[in-house]
Each structure stands twice: as C-alpha cells, then as structure tokens.
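# Results of the structural survey
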Amino acid sequence: MENLMGLLRIHVLRGVDLAVRDVSSSDPYVVVKMGKQKLKTRVIKQNINPEWNDDLTLSVVDPKQTVLIRVYDKDTFSLDDKMGDAEFDISQFIEVVKMRLDNLPSGTIIRKIQPTRENCLAEESCIVWANGKVVQNLFLRLRHVETGEVELQLEWIDIPGSRGL
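Residues numbered from 1 in each chain as written. Predicted model: local features only at pLDDT ≥ 70, side-chain atom pairs only at ≥ 80, totals over all residues. Heavy atoms only, no water.

The name given to the protein in an unreviewed UniProt entry is C2 domain-containing protein, with Salix udensis as the source organism. The UniProt entry for the protein carries the following comment under Sequence similarities (unreviewed entry): "Belongs to the plant CAR protein family." (UniProt positions renumbered as here; feature names shortened; annotations may be inferred.)

Given below as structure tokens:
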C-alpha cells in the first residue's frame with residue numbers, strides 16, 4: 001500500500017472495425033496489462049464492432065509504465081486468435097491529475113495529445129474535466145493487424161492511505 005499512488009480505471013468502451021478471425025466475424029475481448037497486472041473484458045460474440053462498456057481498474061505504482069492492450073478472438077477448440085495490440089502512456093494524464101484542478105466547468109479541455117508515430121492514437125486525445133474529475137478519452141489504432149480501433153476512457157481514483165501523487 002505504501003508504494004501505491006492510486007488507481008487507474010480504464011473504461012473499455014468499444015471496438016471499431018475489428019479484424020475477422022472466424023468465418024464471417026469474431027468473438028473479441030480485450031486484455032489490459034500494466035507491469036505484472038493483467039485484466040480482461042468479457043467476450044462479445046460474433047461482433048467486429050463490439051460494445052464492452054467494461055471497467056477495468058489497475059493499481060498504479062509507477063506512472064512511467066505503459067499500458068498495453070491486446071485484442072483476441074475467443075476460440076473454443078484452439079488457442080485464441082490475436083486481433084492486434086496497442087499501448088499508451090499515462091504520464092501526461094498523471095501530470096494533469098497532479099494539478100489538483102477544481103471547480104472547472106464540466107467539459108473543459110485541459111490538454112490535447114496529438115497522434116504520432118510513437119503512440120497508437122488514431123485521433124487527437126483530450127484530457128478533460130468532466131463531472132468533477134479528470135478523464136481522458138482515447139481512440140487507439142491496433143498494431144500488427146489489418147484493421148481495428150479500440151475506444152477507452154481513463155479516470156483516476158485517489159486511495160486514502162496510499163502515497164498519492
């Protein structure tokens with residue numbers, strides 16, 4: 001607990017135009033990994049545009065660690081098929097959370113992050129003050145696959161008794 005900075009809630013919203021890995025569709029799920037932590041969403045049957053709306057919560061000890069997401073197609077009689085991966089950095093998000101902003105109008109954009117060759121962003125990502133908290137919306141383009149994007153939203157959760165930011 002003394003090393004814990006807080007929690008990062010990753011709201012896995014949806015996949016867009018994911019790769020077909022079965023006959024005419026896929027049964028996708030997302031695995032989120034940071035350090036030794038590994039969490040996954042539920043499987044959405046036969047859908048290349050799935051809506052998971054699943055919340056996955058990671059414990060943050062090192063804000064410099066990247067978050068890796070991998071999308072898989074669930075198979076019954078063989079190993080699950082890979083459907084691409086992406087990674088993202090949470091350091092800019094953590095910097096904004098550290099600002100301890102308060103009483104901003106909901107919807108205020110605090111920082112914009114542009115897509116580059118070094119990140120997996122499919123479009124500009126905004127860190128926003130929404131309903132009394134800092135959130136970041138991400139559209140990630142999947143790598144190592146012919147097509148597909150995943151939409152996520154990040155939210156910071158302070159933990160009483162942790163070392164905090």
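What follows deals with the overall build of the protein. Within the protein, the regular secondary structure consists of one helix and ten strands. Secondary structure of the protein in N-to-C order comes out as β-β-β-β-β-β-α-β-β-β-β. Computed over the C-alpha atoms, the radius of gyration of the protein is 16 Å, within 12% of the 15 Å expected from 2.2 N^0.38 for a compact globule of 165 residues. In the protein, which comprises 165 residues, the share counted as buried stands at 45%. Counted over contacts in the protein with a minimum sequence separation of 6, partners at least 24 positions apart contribute 58%. Counting only carbon and sulfur atoms, one obtains 47% of the accessible surface of the protein, whose full area is about 9,000 Å². If you average the places of the 22 positive and of the 25 negative side-chain charges in the protein, the two averages end up 5 Å apart. (Helix = DSSP H or I, 4+ residues; strand = E, 2+ residues; numbered from the N terminus. Rg over C-alpha atoms; globule rule 2.2 N^0.38 Å. Buried < 20%, exposed > 50% of the residue type's maximum accessible area, 1.4 Å probe, protein only. Contact = heavy atoms within 4.5 Å. Areas by Shrake-Rupley, 256 points an atom, 1.4 Å probe, with all protein chains shown as cover. Lys, Arg positive; Asp, Glu negative; His and termini not counted. Charge placed at Lys NZ, Arg CZ, Asp CG, Glu CD.)

Ordered by their spatial adjacency, four strands build an open sheet running β3-β2-β5-β6, and the pairing between neighbours is antiparallel. What marks the edges here is a single partner per strand, and that holds for β3 (37-40) and β6 (81-89). Across the sheet, the mean angle separating the axes of adjacent strands is 20 degrees when strand polarity is ignored. By the bridge criterion, six bridges tie strand β2 (residues 28-34) to strand β5 (residues 66-73) in an arrangement that is antiparallel. Each bridged residue has a counterpart across the sheet, and for Val32 the counterpart in β5 is Ile69. (Pairing = 2+ DSSP bridges. Axes fitted to C-alpha atoms, helices over the stretch in contact; angles between N-to-C directions.)

Let's shift gears to the pattern of salt bridges. The tally for this structure, following the rule as stated, stands at ten salt bridges. Notably, a salt bridge pairs Arg21 with Glu146, separated by 2.8 Å at the nearest N-O pair. Separated by 125 residues along the polypeptide, Arg21 in the loop between β1 (6-16) and β2 and Glu146 in the loop between β9 (133-141) and β10 (149-157) bring together distant segments of the chain. By relative accessible area, Arg21 is classed as partly exposed at 26%. Classification of Glu146 as exposed rests on a relative accessible area of 57%. Three or more residues are tied together by salt bridges with common partners; here these are Asp85, Glu87 and Arg143. (Salt bridge = Lys/Arg side-chain N within 4 Å of Asp/Glu carboxyl O.)

A separate point is the environment of Leu79. Residue placement: Leu79 occurs in the loop between β5 and β6. The exposure class of Leu79 is exposed, given its relative accessible area of 75%. Expressed as a C-alpha distance, the spacing of Leu79 and Glu123, which sit 44 residues apart in the sequence, is 32 Å.

This part is about the packing of aromatic side chains. Under the criterion given, the structure shown has one aromatic pair. Summarising the aromatic geometry, the rings of Tyr29 and Tyr72 are spaced 5.6 Å apart at their centres and angled 25 degrees between planes, so their arrangement reads as stacked. Taken together, the residues span a long stretch of sequence, with Tyr29 in strand β2 and Tyr72 in strand β5 at a distance of 43 residues. One exposure class covers both Tyr29 and Tyr72, and it is buried. One cation-aromatic arrangement involves Lys40 over Tyr29; the distance from NZ or CZ to the ring centre is 5.1 Å. (Phe/Tyr/Trp six-rings, centres within 6.5 Å; stacked < 30°, edge-to-face > 60°. Lys NZ or Arg CZ within 6 Å of the ring centre and 35° of its normal.)

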